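Structure at a glance
One letter stands for each residue in the lines below.
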Amino acid sequence: MDARRAFDEIPDPNPVIVTAMASGYVRNNLVYHSLELFRAMIASDSASVVDEAAALVAFSASARVPDRGVTASLHALIAKIGFERNAGVVNTMLDSYAKGGSRDLEVARKVFDTMERDVVSWNSMIALYAQNGMSAEAIGLYSKMLNVGGGIKCNAVALSAVLLACAHAGAIQTGKRIHNQVVRMGLEENVYVGTSVVDMYSKCGRVEMASRAFRKIKEKNILSWSAMITGYGMHGRGQEALEIFTEMKRSGLRPNYITFISVLAACSHAGLLDEGRYWYNAMKQEFGIEAGVEHYGCMVDLLGRAGCLDEAYSLIKEMKVKPDAAIWGALLSACRIHKNVELAEMSVKRLFELDASNSGYYVLLSNIYAEAGMWKDVERIRLLVKTRRIEKPPGYSSFELKGKIYLFYVGDKSHPQHIEIYSYLEKLLERMQEAGYVPNTGSVLHDLDEEEKESALRIHSEKLAVAFALMNSVPRSVIHIIKNLRVCSDCHTAMKFITKITEREIIIRDLQRFHHFKDGLCSCRDYW
DNA sequence: TTAGGGTTAG
């Protein structure tokens, strides 16, 4: 590096020069070299020569390395040289605690609570919560900022951070409130805020609102377009996703690695087999983008679900990158749809070599055996789960009522209204069965007798959440449910009957995509 | 010759 040679020739570099050198390292991703300079400063006890700028550069460097020790020694240094009240320096430290490898949000919060906060401090803390999936904390802190923030007003940065939290939680009511604030502040055209609004509405099930917000963004960048493509894709509206993609290219923007993940995922959700194949090839030939593991994942999913299991398997075999668990998982999932036990067993073998701790794969394989009536193998998998001490993340569904998020776990009885919810659900099930609903017991894991299987299905979290929503929401309003796993096929069928009987619209976001249930039909046309 | 916070996939 030329800069380093020049730096070494300076006999007694002052802090300005040291800082410039360190910052050069950070820009070139040579973070450790940068930190080395600051370590030397700390060690030589020359704290007096470290100025504010140097401390800022040091912390932004430490935010990029997984070394909590560095952040901690810098933390000690700023106290020593009297920068602990300097908002600029402390804000950067706050960020480095949470963004460095330690992901130490608790320490970050402690720093936040004791510092003299300015608008950047609030925004950083809200963003850190939002980026780490702690939506309730992010939304709560945003409200706190407006109420007790000592006159701090929200700005574009706070809005995009809190919108991310709403998107993650599927908090449509809060999201709409924030959107109103965006409109009042005239920030609809802002590319950061606008893109966040698009993302929020997409992930809260309102793709039309997302589209309207998208049109208002003045200078759309690649992220705005990708967000809109993803939005249509998640809702199974593959053709519209492709139209946006075409429009993006016409506007002069070049699609990148992530854009193609959005495009291929959209094809996969909508079952657009030919289009998916076409864009997969064009990605390399026309745009020079080498397929990454995520693109292969989309293609295996697309081919597999369309029933081209052999082609999906061949694609995996010819991959230039090492297939990861998600790839074999996509094939396994396709094996379930097309009831291919043999290929499923092979996929699982490869899966367990990569990641034997993920409960999802055991459940999937067990379901495949169960649907094939191979109960002995189901039992074998259950034992494996036990002996390997595999922990299942509990399945839950959530529903937002008057701005508050209610969570329902499988068989949940913790809700104060649970007796009413269960009896409401019983009555609903009776009416559904009169209308022709037959519980699909094939999706039950355990080797239970038929009656037991039926009662196991009744208490799935999405059914509980929908019952609660029907009991408490405004009549005729659309019901939004967020689920942390995939919807099972019985719940999918049940929702269709529920919309028919109650004449209500239900939108469920699961781990993969959206299902819009209306008048006894689902937007996915049962392709999922 | 230096300086803190925000948006896209799965």
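Within an unreviewed UniProt entry, the label attached to chain A reads DYW domain-containing protein, and the organism entered is Oryza barthii.

The next point concerns the packing of aromatic side chains. A full pass over the atoms with the stated rule returns 14 aromatic pairs. With a centroid separation of 4.9 Å and an interplanar angle of 85°, the aromatic rings of Tyr 278 and Trp 279 are classed as edge-to-face. Given a relative accessible area of 47%, Tyr 278 falls into the partly exposed group. Aromatic pair Phe 352 and Tyr 362: ring centres 4.5 Å apart, planes at 25°, arrangement stacked. Taken together, the residues Phe 352 in helix α21 (residues 341-354) and Tyr 362 in helix α22 (residues 359-371) connect sequence positions ten residues apart. Like Phe 352, the residue Tyr 362 is buried in the burial classification. One aromatic cluster is present, built from ring pairs that chain together Phe 245, Phe 260, Tyr 278, Trp 279 and Phe 287. If you follow Lys 404 out to its NZ or CZ, it ends over the ring of Tyr 406, 4.7 Å from the centre. Here Lys 413 stacks its cationic end above the ring of Tyr 422, 5.7 Å away from the centre of that ring.

Attention now moves to the pattern of salt bridges. The full count for this structure, using the stated rule, is 23 salt bridges. The salt bridge partner of Arg 4 is Asp 8, with a shortest N-O separation of 3.2 Å. Of the two residues, Arg 4 and Asp 8 are both situated in helix α1 (residues 2-9); the distance of four residues between them amounts to about one turn of the helix. In this structure Arg 4 comes out as partly exposed when scored by relative accessible area, which is 27%. Measuring nitrogen to oxygen at the nearest pair gives 2.9 Å for the salt bridge that ties Asp 199 to Lys 203. One end of the pair is Asp 199 and the other is Lys 203, both in helix α12 (residues 191-203) and four residues apart, which spans about a single turn. Relative accessible area serves as the criterion here: at 16%, Asp 199 is assigned to the buried category.

Neighbouring residues of DNA strand B: 44 residues in total, closest Asn 91, Lys 99, Asp 118, Asn 123 and Ala 156. The sugar-phosphate share of atoms of DNA strand B within 4 Å of the protein amounts to 46%. One of the side-chain nitrogen or oxygen atoms of Asn 155 is found 2.9 Å away from a base nitrogen of DNA strand B. With respect to DNA strand B, the side chain of Asp 199 contributes an N or O atom lying 3.3 Å from a phosphate oxygen. Elements represented by at least two residues in the surface near DNA strand B include exactly α2 (15-27), α4 (52-62), α6 (87-99), α8 (119-131), α10 (156-169), α12, α14 (222-234) and α16 (257-270). Of the residues forming the surface near DNA strand B, the biggest block, seven residues, is contributed by α12. Its residues assigned to classes, the surface near DNA strand B comprises 20 nonpolar, 17 polar and seven charged.

Turning next to the sheet that holds strand β2 (residues 404-409). The strand order across the open sheet formed by six strands is β2-β1-β3-β4-β5-β6, and the pairing between neighbours is mixed. Each edge of the open sheet is held by one strand with a lone partner, namely β2 and β6 (521-522). In the sheet, strand β4 (residues 506-509) pairs with strand β5 (residues 514-518) via four bridges, with the strands oriented antiparallel. If you follow Arg 509 over to β5, its bridge partner there is Phe 514. Its contacts with the sheet place α10 against β1 (396-401), β2, β3 (479-483) and β4, and it is angled at close to 105° to β4.

To continue, consider the pairing of β1. With five of six residues buried, β1 lies mostly within the body of the structure. When β1 meets β2, the two strands line up antiparallel, connected through six bridges. Considered in β2, the bridge of Phe 399 is made with Tyr 406. Where β1 folds back onto β2 in an antiparallel hairpin, the turn is made up of two residues, including Lys 402, whose phi is positive at roughly 50°. Pairing of β1 with β3 involves two bridges; the strand directions are antiparallel. The residue of β3 that forms the bridge with Ser 397 is Lys 483.

Calculation notes
Residues numbered from 1 in each chain as written. Chains lettered and ligands numbered in written order. Predicted model: local features only at pLDDT ≥ 70, side-chain atom pairs only at ≥ 80, totals over all residues. Heavy atoms only, no water. Phe/Tyr/Trp six-rings, centres within 6.5 Å; stacked < 30°, edge-to-face > 60°. Buried < 20%, exposed > 50% of the residue type's maximum accessible area, 1.4 Å probe, protein only. Helix = DSSP H or I, 4+ residues; strand = E, 2+ residues; numbered from the N terminus. Lys NZ or Arg CZ within 6 Å of the ring centre and 35° of its normal. Salt bridge = Lys/Arg side-chain N within 4 Å of Asp/Glu carboxyl O. Near = heavy atom within 4 Å. Polar contact = N/O pair within 3.5 Å; in protein donor to acceptor, adjacent residues only side chain to side chain. Nonpolar A, V, L, I, M, F, W, Y, C, P; charged D, E, K, R; others polar. Pairing = 2+ DSSP bridges. Contact = heavy atoms within 4.5 Å. Axes fitted to C-alpha atoms, helices over the stretch in contact; angles between N-to-C directions.

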